[in-house]
Amino acid sequence: MAPFEPPSVALHGFKERIDAISIQGDRVYLGTSTGNLYIYRTDDTFDGELTQVEVKKGLTRRAIEQIGYIKDINSLAVLSESQVTLYPLPDVSSPTILVKAKAAFSFAVHTTVLHLLPDGSPLTPSDAEFGSSKSVPTMVTYLVVGCRRKVVEATLPHSARTIAFLNHDIVCLAYPAEYVLFSLDTMSAFEISAPMTTSLSGSGITKGALSGLGGYMTLGLGSKGKPCAVAVRESEVLIAKDNTGVFIGINGKPSRDAQIDWPAPPEDVAVVKPYIFSILPAGTVPIAQDSVAHPQPSFIPSPVIQIRSSISLKLSSTLPFPFSSSPSHSAPAVNSSIRLLTPSPAAKSPLFVVTTPNDRTAAANEGSTVWKFTMKGWGEQVDELVEAEQYTEALSLLDTLDPAVLQDKDRRITLVRTLRAVHEFKTGNFDVAIDTFTELNINPAKVVALYPESIAGRLSVPQERWVPLFGGPAPKIAKETSTPSEHGDSSQEGAPSDETAEKAPTEEQPASEPSKPKAKSALDAIKQSGLKDPDSISISSVKRRPTDSFSRSVEALLRYLPDRRQKVAGALEAFHITPSQSHKHACLSETSVEDLFDTPSSSVSMLTPEQLVRYAQVVDTALFKSYLIIRPGLLGPLCRRPNWCEVSEVEEVLAGAEKFSELIALYNGQEMHAKALDLLRSLSDKETDMRDKLGPSISYLQRLGPEHLDQIFRSSRWVFEQEADMAFQIFTSEEVELPRQSVTNFLESVDPKISARYLEYLIEERNEGSYQFHDRLAELYLKMTIDSKKRHDEGRLKVLFNTNIVNVDVRIVLAEAQREAYAMLLNFIDTTHHYQVDRLFGILPTDDLYEARAILLGQLGRHDNALELYVYRLHDYAKAEEYCKRIYKAGSDTDRVFLTLLRIYLRPLVKTSENLLQPALELISRHGPRLDSEEALQLLPPLVTAQDVRDFLVEALRAPVFDTKVVRDVSKARNEQVARKLMYLQSNRVKVTDTRVCPQCHKRIGHSVIAVHTPGGEVTHYQCREAFAQKLKELRHI
């Protein structure tokens, strides 16, 4: 991947020797060996030539060795004649000589933004932490000049030939043979602890065959070339020690473990962030040889520019001179030199380099050429890295970029991380890949698509389409037609071939399977997976590795799917959508694969309810298949809980694996009850015990609610055909409440007896008091009675006609069935009062079932008609008498019921051959007290003797009427006697004279208040009454 456009000629045929170049904005400043300054204008195009703007002849008396730009004062800093001079722009006039910077060898300019306090001192961490004062962002430019054995005011052991800033305080000084770090704050230098030259393992950088001669070449070039030290990034500098590039931090120690190994010491090094340019001498860079026929490598005979990433240190481009766009190839390439790698200080800037023929004549005739290296757009660089599958390099590049220069930086980071995770998955790092997918909220349909059809089903995607599936570039034709070691059968089975393993030792491919006959189950499909050509490789290695890698990949998936399942469940709950409602949504099979892949890879909170449902269906289906393959014990709990699993994709696999209980639970959770019940019926054929045969179907039907009533009716018929008593339990379950009327109708269509049994259950167990169900039960009893009587009559007729179809035992059974049905009818209408009597009476046959009619007539209060049926139709006098006894109540409207029965006996309304006198006389003898004597005697026929009714007559003479009159007269006489005596006592008088004395106190009474004592009439003073009364009481007791 070349991050730069092919070098283009910016200036050709420049006759003077260029010793210094500087770029600022759209201006390019060329300093020559004759002291002239050429000013050119450049554009942003990669192949645009420089346009001359101005020439400052004789700007200096000698060669211009270095040019820099100071932004604060908009001036050029020019090093010439060991003196640094400042020239204001744009006129480049009125120079200012830095008098203190004498005997200068080099300088460096560094511009940064510092947070300064109001007094001008820099902000310290303690000030920032405690907020003691406000800081002001200030742009500060440093100009450091390296003089003879001195920098600023500090004395050095050597002269700094190259200066590079690490930050605003630390600079790297390059002496001719060593490097030091110098602190501008403390004005002191400290040594760099650089390691010995080592090779960079694992970076893809190899030494050249002549790297061992680097030390001798350095000795030869020491007097001409400058030591190389360039700032790579903030607080890091790259120094070249012989043929090794070492990265040094501000502490003077290597900031990285990795180093750059050049084939030879570079002649010049420059940085265009994030790339490192280096010029290598001619004959030091080997030519890559693909054939083993050249044991000794050959070398490029011309100078070479190498471009490598400063992040990963991987070599990006190797450009030997002449470049492809060289204007002239007349001179041999070995006679040219490359100098002055000069980058612009701006981000994503072009880099200029000067090539000059070594031959003086050729240099005079052709002049020098200025080449322009233009960096490609950041997006284009990232795209090229992605296409080359250098995802780590692409991420490192993106991390160095500011969002201002790449507006879609975040999107690209997500894409590259996703593609890197796909690559990790491809190479067998399943856990790393799954962790990334989880972190980035990747669409689970795409994650599942990396697996074979045994897990992904129709979502499964072959390996060559993985990258486009996740948003990466489509594979090139060369990749599509690559060898089987990359995309052949073995890689699609999850086991890399030997060639692939050399490139990626852990590369495994568990994503897709070769075309083969469909297996009976998922476990068989896994067992049959493997390489198609096992003869070429060890059988043990071929069959073992795919199984292990596949299991590891599924284990990783089992970490991903439950996490996604939990999150999507929470998101669906916000929309009041639960897995128990999965049957109300469209099946996953109704959605195209493209629509599933188009679901955004974002947080579940950003998805619509429809997308969340598809999300959940994909997750649960894949989880189900994963459990089936490596954790079958967890299938049961998953199936028994509400889930979003797509049944059509797993039912065949479950059936093939004989996981029938899990399949039935899955059907139940998805409201696919018809399939579940059909499966239970088919499984029942294998059972011989009736409970084992019908129990599962009955239990399943008992759990279905009223919304599945039709399904319950359809699926229960065959259970009734097998065992009616067990099937009856379906409708007596307490788990759910079914519509009672509908159940009654259905059971009646199956068998009226079962329907009657259900109504009895409702009335007795569920305390059903509705007239509707009581009427229905009475009607069923009536229907059963009539039907059984009809069957009994038909059986009797067949016997009479000697058809030999019905034998005596069958007739007995039919007769017993008739009696049983009729007895249930009689007992029901006689013991309950929650049915409509008149309605039932209206549907009774008029020529049969007289006892039932009698009971109903009694319920209607028509006791005389009821008794007539008992006497005239049934001739059951005992029941007639029991009827009277049951309803008789003295002092009520039924107190004459016995007299009514007697009248029916003695005054029959219909002609009868029965002798009713005897039951009448028995009724009179047993219930005489409850009969009116006069009316009963009037009803008796004249020929009845007194002896026949002797007991009745005796009882009649002892009637309470006589006793009542005697008691009344005696009581009346006694009352009259008491009244007369009371009247006599109340009319008694006493006479008090002047001589009458109180018998108590023996004093004269006179005109005092008196008291008269009974019954003798004694008179005392009123105050003596109590004492005298007590005296009289004592005398009476004596």
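In every chain, residue numbers begin from 1 and rise along the written sequence. Reporting of local features is limited, given that this is a predicted model, to residues whose pLDDT is at least 70; pairs of side-chain atoms are given and counted only at 80 or more, and all residues count toward the totals for whole chains, interfaces and linings. The basis for the side-chain values is all heavy atoms of the structure; hydrogens and waters are excluded.

> Describe the overall build of the protein, listing the residues and the values that go with them.
Labels follow the DSSP assignment, with helices taken as runs of H or I lasting at least four residues and strands as runs of E lasting at least two, numbered in each case from the N terminus. For the protein, the helix and strand inventory stands at 39 helices and 30 strands. Across the 1038 residues of the protein, 45% fall into the buried class. In this scheme, a residue with accessible area under 20% of its type's maximum is buried, one over 50% is exposed, and one in between is partly exposed, where area comes from a 1.4 Å probe on protein chains only.

> Can you lay out the nonpolar core for me, pointing to particular residues and giving the numbers?
Phe277, Phe437, Phe731, Ile829 and Leu902 are the most contacted members of the largest nonpolar core, which has 184 residues in total. Here this core gets 12 residues from one element, more than from any other, and that element is helix α18 (residues 609-630). The residues touching Ile829, leaving out its near neighbours within four places in the chain, are Tyr835, Leu840, Ala852, Ile855, Leu856 and Gln859. If you look at the next biggest cluster of nonpolar residues, it comprises 29 residues, including Cys228, Val269, Ile300 and Val304. Working definition of a nonpolar core: buried Ala, Val, Leu, Ile, Met, Phe, Trp, Tyr and Cys residues. They are joined through side-chain atoms within 4.5 Å. Here, residues are in contact when the closest pair of their heavy atoms is within 4.5 Å.

> Explain the pairing of strand β20 (residues 244-249) residue by residue, including any values.
Within β20, six of the six residues are buried, which leaves the element mostly enclosed by the surrounding structure. Burial along β20 is two-sided: the face carrying Thr244, Val246 and Ile248 and the face carrying Gly245, Phe247 and Gly249 are both buried. The pairing criterion is simple: DSSP has to find at least two bridges between the two strands. Summarising the sheet, strand β19 (residues 236-241) and β20 pair through six bridges and their orientation is antiparallel. Residue Leu238 lies in a different strand from β20, and its bridge partner there is Phe247. What sits between the antiparallel neighbours β19 and β20 is a turn of two residues, in which Asp242 has the positive phi angle 60°. Bridging between β20 and strand β21 (residues 260-261) involves two bridges; their strand directions are antiparallel. Across the sheet, residue Thr244 finds its bridge partner in β21, namely Asp261.

> Can you break down the packing of aromatic side chains residue by residue, with the values?
For Phe, Tyr and Trp, rings pair up if their centres lie within 6.5 Å, where Trp contributes its six-membered ring, and each pair is then called stacked (planes under 30 degrees apart), edge-to-face (over 60) or tilted (otherwise). The tally for this structure, following the rule as stated, stands at 25 aromatic pairs. Ring centres of Phe321 and Phe323 lie 5.3 Å apart, and the angle between their planes is 90°; this geometry places the pair in the edge-to-face category. The buried category is assigned to Phe321, whose relative accessible area is 9%. Residue class for Phe323 comes out buried when judged on its relative accessible area of 3%. Through a chain of ring-to-ring contacts, three or more aromatic side chains come together here, namely Phe4, Tyr275, Phe277, Phe321, Phe323, Trp371 and Phe373.

> Pulling in residues and values, what's your account of the environment of Ile763?
Position of Ile763 relative to the elements: it lies in helix α27 (residues 752-764). Under the relative-accessibility criterion, Ile763 is labelled buried at 19%. Each C-alpha atom, one on Ile763 and one on His774, is 7.9 Å from the other, the two residues being 11 residues apart in sequence. Apart from the residues within four sequence positions on either side, Ile763 is in contact with Glu768, His774, Leu777 and Phe828.

> For helix α26 (residues 740-750), give the residues involved together with the corresponding values.
Looking at α26, one finds that the buried residues are Arg740, Val743, Thr744, Phe746 and Leu747. Seen from one end, α26 has its buried residues packed into an arc of 165°, which puts them on one side. Throughout, the arc means that of the directions going from the helix axis to the C-beta atoms.

> So what's going on with helix α32 (residues 863-873)? Residues and values would help.
The buried fraction of α32 is high, at eight of 11 residues. Buried residues of α32: His863, Ala866, Leu867, Glu868, Leu869, Tyr870, Val871 and Tyr872, and no others. On its buried face, α32 is in contact with α31 (850-859), α33 (877-887) and α34 (897-906). His875 occupies a position one or two residues after α32 and carries a positive phi of about 55°.

Function cannot be read off these values alone, since they describe shape.
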